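Analysis of the macromolecular model
Listed below, chain by chain, are the residues.
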Amino acid sequence: MTADPSLPLSSAADLDPDYEAPEPRTGISDRAATQQAREQQVGQRPGTLTIREGSLRPRLFLISYSSSFFTEQEYDSYDELLHYFQANPQLKHWLDVRGYNDLGLIQRLMQDFGIHALHMEDVLGDYQRAKVDVFDEDRLFLVSRMTDFTSSLEIDDDQLSLVTGDNFVVSFQDDYDDCLDSVRNRLRSGFSMIRHKPPLYLAYALTDVVLDHYYPTMAAIGDYIEILEDRIFNGRPNRRLLSRILQIKKDIVRFRRLVYPEREKIAEILRMPDQVIPEEIKVYFKDCYDHAIQAMDLAESYRESISSLMDLYLSDQSNRMNEVMKVLTIISSIFIPLSFVVGLYGMNFQRENPNGTINHLNMPELYEPWGYPALLGLLAVIVAGQLIYFYRKGWLTNR
Amino acid sequence: MTADPSLPLSSAADLDPDYEAPEPRTGISDRAATQQAREQQVGQRPGTLTIREGSLRPRLFLISYSSSFFTEQEYDSYDELLHYFQANPQLKHWLDVRGYNDLGLIQRLMQDFGIHALHMEDVLGDYQRAKVDVFDEDRLFLVSRMTDFTSSLEIDDDQLSLVTGDNFVVSFQDDYDDCLDSVRNRLRSGFSMIRHKPPLYLAYALTDVVLDHYYPTMAAIGDYIEILEDRIFNGRPNRRLLSRILQIKKDIVRFRRLVYPEREKIAEILRMPDQVIPEEIKVYFKDCYDHAIQAMDLAESYRESISSLMDLYLSDQSNRMNEVMKVLTIISSIFIPLSFVVGLYGMNFQRENPNGTINHLNMPELYEPWGYPALLGLLAVIVAGQLIYFYRKGWLTNR
Amino acid sequence: MTADPSLPLSSAADLDPDYEAPEPRTGISDRAATQQAREQQVGQRPGTLTIREGSLRPRLFLISYSSSFFTEQEYDSYDELLHYFQANPQLKHWLDVRGYNDLGLIQRLMQDFGIHALHMEDVLGDYQRAKVDVFDEDRLFLVSRMTDFTSSLEIDDDQLSLVTGDNFVVSFQDDYDDCLDSVRNRLRSGFSMIRHKPPLYLAYALTDVVLDHYYPTMAAIGDYIEILEDRIFNGRPNRRLLSRILQIKKDIVRFRRLVYPEREKIAEILRMPDQVIPEEIKVYFKDCYDHAIQAMDLAESYRESISSLMDLYLSDQSNRMNEVMKVLTIISSIFIPLSFVVGLYGMNFQRENPNGTINHLNMPELYEPWGYPALLGLLAVIVAGQLIYFYRKGWLTNR
Amino acid sequence: MTADPSLPLSSAADLDPDYEAPEPRTGISDRAATQQAREQQVGQRPGTLTIREGSLRPRLFLISYSSSFFTEQEYDSYDELLHYFQANPQLKHWLDVRGYNDLGLIQRLMQDFGIHALHMEDVLGDYQRAKVDVFDEDRLFLVSRMTDFTSSLEIDDDQLSLVTGDNFVVSFQDDYDDCLDSVRNRLRSGFSMIRHKPPLYLAYALTDVVLDHYYPTMAAIGDYIEILEDRIFNGRPNRRLLSRILQIKKDIVRFRRLVYPEREKIAEILRMPDQVIPEEIKVYFKDCYDHAIQAMDLAESYRESISSLMDLYLSDQSNRMNEVMKVLTIISSIFIPLSFVVGLYGMNFQRENPNGTINHLNMPELYEPWGYPALLGLLAVIVAGQLIYFYRKGWLTNR
Amino acid sequence: MTADPSLPLSSAADLDPDYEAPEPRTGISDRAATQQAREQQVGQRPGTLTIREGSLRPRLFLISYSSSFFTEQEYDSYDELLHYFQANPQLKHWLDVRGYNDLGLIQRLMQDFGIHALHMEDVLGDYQRAKVDVFDEDRLFLVSRMTDFTSSLEIDDDQLSLVTGDNFVVSFQDDYDDCLDSVRNRLRSGFSMIRHKPPLYLAYALTDVVLDHYYPTMAAIGDYIEILEDRIFNGRPNRRLLSRILQIKKDIVRFRRLVYPEREKIAEILRMPDQVIPEEIKVYFKDCYDHAIQAMDLAESYRESISSLMDLYLSDQSNRMNEVMKVLTIISSIFIPLSFVVGLYGMNFQRENPNGTINHLNMPELYEPWGYPALLGLLAVIVAGQLIYFYRKGWLTNR
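Residues numbered from 1 in each chain as written. Chains lettered and ligands numbered in written order. Predicted model: local features only at pLDDT ≥ 70, side-chain atom pairs only at ≥ 80, totals over all residues.

**Remarks on the overall build of chain A**
- In terms of regular secondary structure, chain A is built from 11 helices and 9 strands.
- For chain A, with 399 residues in total, the buried portion stands at 44%.
- Taking the contacts inside chain A whose residues are at least 6 apart along the sequence as the reference set, 72% of them involve residues at least 24 apart. (Helix = DSSP H or I, 4+ residues; strand = E, 2+ residues; numbered from the N terminus. Buried ≥ 20, exposed ≤ 12 C-beta atoms within 10 Å, placed from the backbone. Contact = placed C-beta atoms within 7 Å.)

Dropping the structure here:
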């Protein structure tokens with residue numbers, strides 16, 4: 001997923017709309033959705049766990065902490081990890097599972113940490129909207145979606161699943177990199193509230209950091225919208241631009257579809273009874289809720305901007321047609337009458353002499369010495385008249 | 001209905017948008033809806049059962065099972081089937097009725113399995129939205145709609161009606177092929193949870209497999225959207241393409257109208273008291289609910305894609321007009337002035353000699369030796385000037 | 001109102017879109033609504049009953065029945081009718097009032113059958129949305145709207161008002177023909193459930209038959225949409241077609257506005273306590289509710305079709321412009337340059353002989369023997385070049 | 001406000017769309033809203049009453065009545081009025097205040113009739129949506145908006161505020177004319193229910209008559225829509241027409257914004273406990289509610305009509321462009337090739353005689369005696385061919 | 001923020017749409033939203049207070065008052081202020097903090113006035129929707145957004161945060177100028193209700209004055225819409241105009257997004273139990289609620305106006321194209337046929353004399369003495385015929 005939250009947000013802003021290499025083949029159809037639809041068809045039998053293709057080899061990280069103690073380690077052996085976990089019930093633990101490609105391990109995790117089969121199916125499955133489930137009276141199963149704005153202008157989203165317990169949180173993700181480092185750093189620092197609060201607070205902190213990550217994604221989209229706007233205002237709008245506008249529009253719609261269940265999830269948490277979520281934790285989730293609503297607001301705002309860009313694009317397209325037509329009309333209107341006039345004096349009406357010879361054309365004006373200059377003058381008058389007419393109509397000034 | 005869920009989803013993806021044979025005559029009006037409207041008018045008197053025309057001859061399949069026992073058989077005689085069913089009250093039974101064309105049989109089924117007349121009317125009727133009814137305190141009547149994306153780009157949907165009882169489920173469908181084979185195979189395998197759970201779980205499994213089948217339908221539509229998109233991006237958008245875009249749009253709207261009541265149905269099940277649906281079964285229906293919501297999400301996403309395709313199509317149409325106009329304008333603007341100039345020197349202004357003969361044209365430049373080359377030069381300058389002007393305007397580069 | 005439900009639905013389907021006689025003057029403004037707005041202004045004082053102009057002379061029909069008894073008669077004298085009604089309290093009665101044009105009679109009806117003045121005002125008034133009111137604890141006042149698709153492509157709707165009592169139903173309509181014959185026939189047949197159930201069931205049956213009549217209306221609209229679609233696909237879309245598309249769109253909107261309150265009405269009935277509507281009757285109204293929802297679905301589906309037709313129409317309009325432009329561009333682009341070339345060799349640049357005579361034009365190529373054939377060849381090359389260019393652009397093939 | 005409900009609705013229907021004098025300067029921006037926004041800024045401190053500029057000098061009318069008694073009088077002196085009011089507690093009173101321009105009087109009214117300062121602020125303020133407030137346990141403060149369709153095609157709306165008491169209703173309006181005469185006449189007649197019911201019924205009657213007045217307003221708009229439609233169908237749509245369509249659309253939107261709170265107000269009244277509004281009065285307000293919903297329906301229906309008119313207008317605009325292009329294309333396509341052909345035979349390719357003289361043009365066909373007639377024939381063939389082509393395309397027939 | 005509410009609203013109304021200096025670079029993308037998205041990413045860890053860059057040096061104002069006492073002072077030293085505050089518990093205090101740039105001070109304020117860390121984070125944060133939180137049983141944390149319509153046509157909004165206590169209100173804003181002077185003046189005057197009511201009433205008064213300030217903002221937008229409308233009606237619509245229309249549209253959308261949470265906030269206050277907000281204060285907030293709804297109504301109304309302006313703009317764009325095409329068509333249609341005719345008589349069909357000389361052109365009409373005048377007449381007839389045709393079509397009159 002996204003590399004490092006401390007990195008400047010330049011990646012998307014630097015994107016040149018004409019840069020093409022890694023972008024999606026076409027850009028409009030929701031290929032992520034199609035992919036989702038295709039993969040959803042397998043593994044739907046409840047209770048059957050299947051590891052989806054391309055899943056990573058699992059890596060296991062265990063952070064164990066209390067107010068005064070902190071240790072973190074990556075374990076190669078699950079048994080060792082479990083032994084340490086079971087030997088230290090007085091500590092709070094964060095078991096961080098990255099990669100699912102070991103069905104046996106997954107099944108042991110389910111057993112040892114009391115995870116429901118349907119929840120494990122959601123973890124392993126391809127796509128699960130943000131949601132929360134209560135089980136075993138006061139334990140939570142939480143799904144969040146972590147977003148990223150890729151260099152190919154698409155919203156990339158990965159799943160973070162959390163299972164809470166009395167003295168632990170298990171997190172699942174199918175990625176080695178994640179956006180949770182700020183939480184780890186806060187834990188390491190020792191001053192963090194997380195160290196002093198129950199594991200539910202860690203679950204909150206992880207949920208919150210995912211929500212916070214929506215803002216850089218949105219900022220990147222916002223920057224890109226400004227680039228597109230500059231393009232439309234300064235350069236010549238073209239079809240690739242339109243396709244990018246539509247791509248960003250799709251991203252925003254997709255983002256909204258991601259954030260909306262997140263908001264619902266947190267609203268559901270806020271409605272839970274106090275024995276599941278104590279009031280002191282709810283206060284923090286209420287803060288999350290505000291953030292989720294503001295992310296929705298942002299998306300709404302960008303949606304409006306994109307829709308205005310579309311209007312402008314289409315109006316420009318029409319304007320350009322107008323301009324083309326004006327050039328054609330001006331040039332045709334000036335020269336077609338002139339062509340008629342000079343054609344007139346190219347006719348061959350003749351007068352037959354008595355002797356059968358033909359000397360004179362039968363068009364008296366052709367013989368006047370001033371005929372030719374007068375004609376040129378006439379042509380000039382016609383041109384001038386038309387230019388004045390077009391100028392008055394404002395067709396000669398630029399638009 | 002759809003043949004086999006294990007088949008590759010190639011059928012729709014292989015479809016060439018120019019392939020025409022089996023497609024609907026025109027493609028936009030909702031002929032399925034019209035058909036529905038027309039057929040709805042008969043057989044509406046409550047309590048009157050009528051077999052609609054074209055219904056199949058009934059075939060009766062009985063699967064009887066318990067945790068440790070399994071048998072399945074197609075019966076030619078309803079009496080034999082009923083005898084076996086009544087003789088084995090300790091087993092759980094799935095009576096699978098395919099085809100309705102025997103009113104007497106239908107009426108016996110109603111009586112022997114305690115099915116309400118209004119429910120039977122829904123079974124036999126032409127079209128019933130997904131719904132659930134509780135009757136006799138704790139029995140369920142469930143209607144699901146099974147979808148398929150046909151090679152003529154239409155969403156085909158058939159009805160599956162379920163009636164639950166203490167130790168049985170009766171399923172009705174007017175088709176010999178269905179999408180329920182995966183459930184049958186799970187039953188046969190012996191390891192399935194269905195064997196160990198009450199018949200309600202079988203009803204859940206059948207409902208779930210129908211829901212799962214929405215994903216291949218959606219994937220086929222998604223693939224087709226990508227084909228359409230490629231067409232628009234690479235080929236020349238034409239009217240047939242538009243008609244197909246509109247057809248797919250209609251399909252998506254139709255799909256949404258199918259899935260929405262499905263979601264409502266499951267939500268209603270989740271709200272039912274525990275004596276009707278035990279908590280342990282509700283957990284599974286909750287999973288169904290997630291799937292239904294995600295299917296709606298997918299449809300929403302495709303709808304956006306189609307709408308973007310429409311925008312692109314219309315913008316392209318406008319672009320093509322622009323291009324045509326530019327060709328016209330460039331050629332006219334260059335050659336109409338040239339025509340004027342050459343017409344000018346085709347005029348016959350003449351000078352009469354004193355002797356009455358006419359030798360000279362009264363246009364001095366015509367007699368300059370450099371006249372003709374100079375004119376050709378002038379013409380070249382005019383052409384070059386215009387080409388530069390048009391190049392600067394960007395009309396010579398492709399769009 | 002509509003003649004006979006058994007009639008084939010051909011009337012609308014036979015309609016030729018070019019047939020003009022009885023259609024609305026213009027077809028788009030909602031004249032029915034305007035009419036309604038105008039008439040609503042009178043007779044609004046509560047408690048004042050006014051017969052609206054054009055109301056029919058009342059005809060009184062009384063059907064009296066029990067499980068084992070049936071009689072029907074049209075009475076010329078209200079006193080006789082009332083006498084029969086009061087003399088037979090053991091029977092169930094359906095008093096069918098058609099035409100309101102007798103204020104005295106209306107007031108006697110109110111008194112004898114205990115009808116509320118405000119309800120009577122709704123009966124007599126010009127337009128009342130479908131609704132249900134409970135009065136006198138357990139009596140119902142029901143308004144339904146009966147629809148018809150007229151040959152002038154409009155949705156015609158008439159009002160059916162029902163008042164229930166202990167052993168009677170009074171129905172009011174301002175029309176001699178109606179769509180209730182199927183109910184009458186069922187009553188006459190003797191086998192109908194209506195004969196065995198309380199009058200409330202008759203009210204249900206009448207409400208249901210009105211709902212059932214929405215389907216032929218919708219089927220007629222659906223057929224007409226298909227006709228319009230064929231027109232657009234095969235013939236040349238023109239403005240009359242557009243006006244008809246808009247008319248059908250208006251009809252569908254109107255239909256939705258008619259059906260929506262119907263659905264609300266039935267939903268309200270379903271929410272009523274059991275002492276007003278017993279559970280055994282509610283089951284049937286639940287069936288009605290499904291029908292109402294499906295009628296809404298149908299309307300929604302047609303609305304989408306019409307919207308797609310509009311898109312297609314507008315795109316075709318644009319396409320036709322494109323085609324016109326292409327013809328202009330091809331012909332102009334080919335012939336304007338040719339005209340220039342032949343104009344070039346029509347110029348009179350001349351060479352003065354030493355003796356003052358002029359023999360030669362000063363354009364050497366004019367004297368080459370191969371000049372003329374070469375020029376013709378050049379012209380052919382220009383034409384061929386342009387044709388190849390236009391062919392490559394796809395402008396020569398039909399769209 | 002509006003003059004007399006019995007007047008024919010001809011004013012708007014007579015309006016010629018080309019008549020210009022009193023219409024709004026431009027017609028689209030919501031100047032009423034802007035005005036409202038500007039005036040809202042003053043006088044917002046709660047408890048501070050300010051008379052807005054242009055308010056009328058107050059006139060005080062008192063109608064006192066009981067079942068058997070009726071008197072009405074305009075009082076010049078508030079003291080006399082108050083004396084009569086206080087001296088007759090057994091009568092019901094309607095104090096009708098028209099014009100606010102006397103702050104002292106207003107403050108005495110507040111005190112003597114127990115009106116809340118915030119309510120008085122709403123009375124005096126510039127604009128208050130329809131609303132209802134309960135105060136002092138069972139007294140009501142009601143605001144209604146009276147509409148009128150002016151000759152400048154705008155919806156004019158004035159405010160009617162009502163305060164109820166035990167034995168009185170105070171009505172406030174800043175206008176000498178109003179639409180309440182029908183209520184006054186009913187009171188005078190002696191047969192009206194108002195005379196027999198509590199003052200709350202008078203409040204109902206006043207609210208109802210305002211609602212009834214929405215129908216003439218809507219009818220006027222409906223008539224105007226038909227005029228616009230005729231214009232579009234028969235005459236030549238032009239820009240003024242568009243501006244009027246947009247004005248009417250704005251009116252309808254405005255009307256909806258007026259009626260919607262009215263409906264909300266009545267719904268709130270219906271939800272009030274019986275000690276505030278007795279059931280016998282609620283029945284009448286329920287009737288009001290139906291009217292309000294039907295007014296909304298009407299507005300919806302007109303909105304659809306206007307939207308169809310817009311579609312037709314835009315399609316016509318496009319059609320006219322099409323027609324212009326067709327004329328251009330037909331004439332250009334016919335004459336440009338002809339010009340080329342005649343230009344061809346105007347070229348000067350010549351043959352040099354051995355003696356250096358030039359006699360013959362080097363284009364043999366020019367010397368054939370049938371050359372000229374053949375050429376004319378060729379031209380005729382070209383013209384005929386093109387005409388046939390265009391006829392087949394349907395470009396020669398009118399659209 | 002905005003300078004002085006008593007200033008005339010001329011600033012925006014004076015704006016010339018062609019005036020360019022301080023306007024946003026492009027004008028459509030929601031740069032404020034992008035900015036918000038970018039800044040949101042920092043400082044999100046709950047409990048961590050960070051002062052955002054550019055924050056002002058804090059200034060502290062304390063207004064202390066009771067019914068009979070009033071004093072106000074700006075304190076340089078927080079200790080002095082705190083001492084005065086703590087020494088006078090019998091007074092009500094309004095502590096007005098402007099500028100946040102002193103983390104130490106902020107933390108002391110939190111401690112001394114009992115402000116929650118999460119609330120303080122909202123105060124310091126970049127953007128917080130209007131909201132209300134209850135804490136410590138009966139204390140309120142309120143956020144309002146103060147709007148302003150800038151000369152660059154953007155809606156500028158600043159945040160006002162309020163914290164209530166038993167005998168004080170603390171207000172926070174990051175600006176030295178504000179729109180609260182009218183409240184200060186009311187306090188100073190001594191007659192204000194604020195002096196006599198609890199601090200909650202002051203919180204209401206501050207919330208209300210912010211809401212009141214929405215009206216001048218809206219009035220400025222309304223004025224600008226009228227300017228735009230005049231432009232479209234009188235001048236020539238151009239692209240800058242479109243960009244401004246889109247900018248105003250964005251402003252209105254933004255305004256709606258600002259006001260909507262404000263309305264929600266007040267609705268939430270109205271739902272609070274009486275021990276938090278006493279009924280006597282709620283009456284005033286109810287008034288606020290009406291204002292908020294009316295502000296939303298206004299925004300809705302302007303939105304419609306803008307949408308109509310867009311329709312008019314696009315229709316005008318199309319009209320102008322139409323006009324261009326008509327000029328082209330008229331001139332081409334007249335002169336292209338004329339050119340053909342004169343070209344015809346410029347051909348060189350010749351007759352060879354027996355003696356090999358060529359005298360006559362083989363086109364008899366060329367030798368008729370009336371040939372030339374007749375031809376001129378013919379040309380005049382062609383021109384006249386076309387002019388009549390175009391006049392009849394209405395193309396010669398202006399539109």
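**With respect to the pairing of strand S1 (residues 59-66) of chain E**
Residue and element names in this part refer to chain E.
- Pairing geometry for S1 and strand S3 (residues 92-98), over 7 bridges, is antiparallel. By the bridge assignment, Leu-62 is partnered in S3 with Leu-95.
- As paired strands, S1 and strand S2 (residues 69-75) are joined by 7 bridges and run antiparallel to one another. Bridge assignment links Leu-60 to a residue of S2, and that residue is Tyr-75.
- As consecutive antiparallel partners, S1 and S2 are separated by 2 residues. (Pairing = 2+ DSSP bridges.)

**Focus: the relation of the copies chain E and chain A**
- When chain E is brought onto chain A, the operation consists of a screw motion whose angular component is 72° and whose axial shift is 0.0 Å, with 0.1 Å RMSD remaining. Interpreted geometrically, this transformation is the action of a five-fold axis. Residue E:Gly346 of chain E places its C-alpha closer to the rotation axis than any other residue of that unit, at 4.7 Å.
- In this assembly, only 15% of the residues forming the interface of chain E have copies in chain A that are likewise at the interface, indicating a heterologous arrangement. (Least-squares fit on C-alpha atoms with pLDDT ≥ 70 in both.)

**Remarks on the UniProt feature "transmembrane region" (unreviewed entry) in chain A**
Residue and element names in this part refer to chain A.
- UniProt records the feature "transmembrane region" (unreviewed entry) at residues 327-347 and 370-391, using the numbering of this structure.
- Helix makes up 86% of residues 327-347 and strand makes up 0%, while its end C-alpha atoms are separated by 31 Å.
- In residues 370-391, the share of helix is 95% and the share of strand is 0%. The end C-alpha atoms are 31 Å apart. (UniProt positions renumbered as here; feature names shortened; annotations may be inferred.)

**Concerning the pairing of strand S4 (residues 131-135) of chain E**
All names here are of chain E.
- By the bridge criterion, 5 bridges tie S4 to strand S5 (residues 139-149) in an arrangement that is antiparallel. Bridge pairing in S5 links Lys-131 to Val-143.
- Between S4 and S5, which pair antiparallel one after the other, the connecting turn spans 3 residues, and Asp-136 there sits at a positive phi close to 50°.

**Focus on helix H8 (residues 214-234) of chain E**
- Compared with the 30 Å implied by 1.5 Å per residue over 21 residues, the 30 Å span of H8(E) between its first and last C-alpha is a close match.
- Here H8(E) lies mainly inside the structure; 16 of its 21 residues are buried. (Expected span 1.5 Å × (residues − 1).)

**Overview of unusual backbone geometry**
- Residues other than glycine seldom take positive phi values, yet C:Asp136 does so here, at roughly 50°.
- Residue placement: C:Asp136 occurs in the loop between strand S4 (131-135) and strand S5 (139-149).

**Observations regarding the sheet that holds strand S3 (residues 92-98) of chain C**
All names here are of chain C.
- With mixed pairing, 7 strands are arranged side by side in an open sheet as S2-S1-S3-S7-S6-S5-S4. The open sheet has two edge strands with one neighbour each: strand S2 (69-75) and S4. Taken pair by pair, the neighbouring strands of this sheet meet at an average axis angle of 15°, ignoring direction.
- Inspection of the sheet shows S3 paired to strand S7 (residues 168-173) by 6 bridges, in the parallel sense. Residue pairing in the sheet places Asp-96 in a bridge with Ser-171 of S7.
- Docked against the sheet, helix H3 (residues 78-87) engages strand S1 (59-66), S2 and S3, running at close to 15° with respect to S1.
- The strands touched by helix H7 (residues 199-212) are S3, S5, strand S6 (155-164) and S7; relative to S6, the strand with the most contacts, the crossing angle is about 175°. (Axes fitted to C-alpha atoms, helices over the stretch in contact; angles between N-to-C directions.)

**Overview of the interface of chain E and chain A**
- Across the contact, 53 residues belong to chain E and 60 residues belong to chain A.
- The set of elements that each furnish at least two residues to the side of chain E that touches chain A consists of helix H2 (31-39), helix H9 (239-271), helix H10 (279-344), strand S9 (358-361) and helix H11 (371-392) of chain E.
- Residue contributions to the side of chain E that touches chain A peak at 16 residues, all from H10(E).
- The class makeup of the residues in the side of chain E that touches chain A is 25 nonpolar, 17 polar and 11 charged. (Nonpolar A, V, L, I, M, F, W, Y, C, P; charged D, E, K, R; others polar.)

**What about the environment of A:Ser332?**
- Relative to the assigned elements, A:Ser332 resides in helix H10 (residues 279-344).
- Residues contacting A:Ser332, with those up to four places away along its chain left out, are B:Ser332, B:Ile336, E:Leu328, E:Ile331 and E:Ser332.

**Considerations on the confidence of the model for chain A**
- Residues of chain A with pLDDT of at least 70 account for 85%, and the chain-wide mean is 82.
- Predicted confidence for residues 1-25 of chain A stays below pLDDT 50, and this span has 40 contacts to residues more than four positions away or in other chains. (pLDDT = per-residue confidence, 0-100.)

**A short note on the sheet that holds strand S1 (residues 59-65) of chain B**
Residue and element names in this part refer to chain B.
- Sheet architecture is open: 7 strands sit in the order S2-S1-S3-S7-S6-S5-S4, paired in mixed fashion. Looking at the sheet topology across the chains shown, the edges are occupied by strand S2 (70-75) and strand S4 (131-135). Within this sheet the neighbouring strands show an average axis-to-axis angle of 15°, counted without direction.

**Comments concerning the nonpolar core**
- Core analysis: the largest hydrophobic core is formed by 395 residues, its most contacted members being A:Leu206, B:Leu206, C:Leu206, D:Leu206 and E:Leu206.
- Each residue touching B:Leu206, except ones within four places of it in the same chain, is listed here: B:Leu160, B:Leu162, B:Ser171, B:Leu180 and B:Val183.
- In this structure, A:Val324, B:Phe335, D:Ile330 and E:Val327 belong to the second largest nonpolar core, which totals 105 residues. (Core = buried A, V, L, I, M, F, W, Y, C linked by C-beta atoms within 7 Å.)

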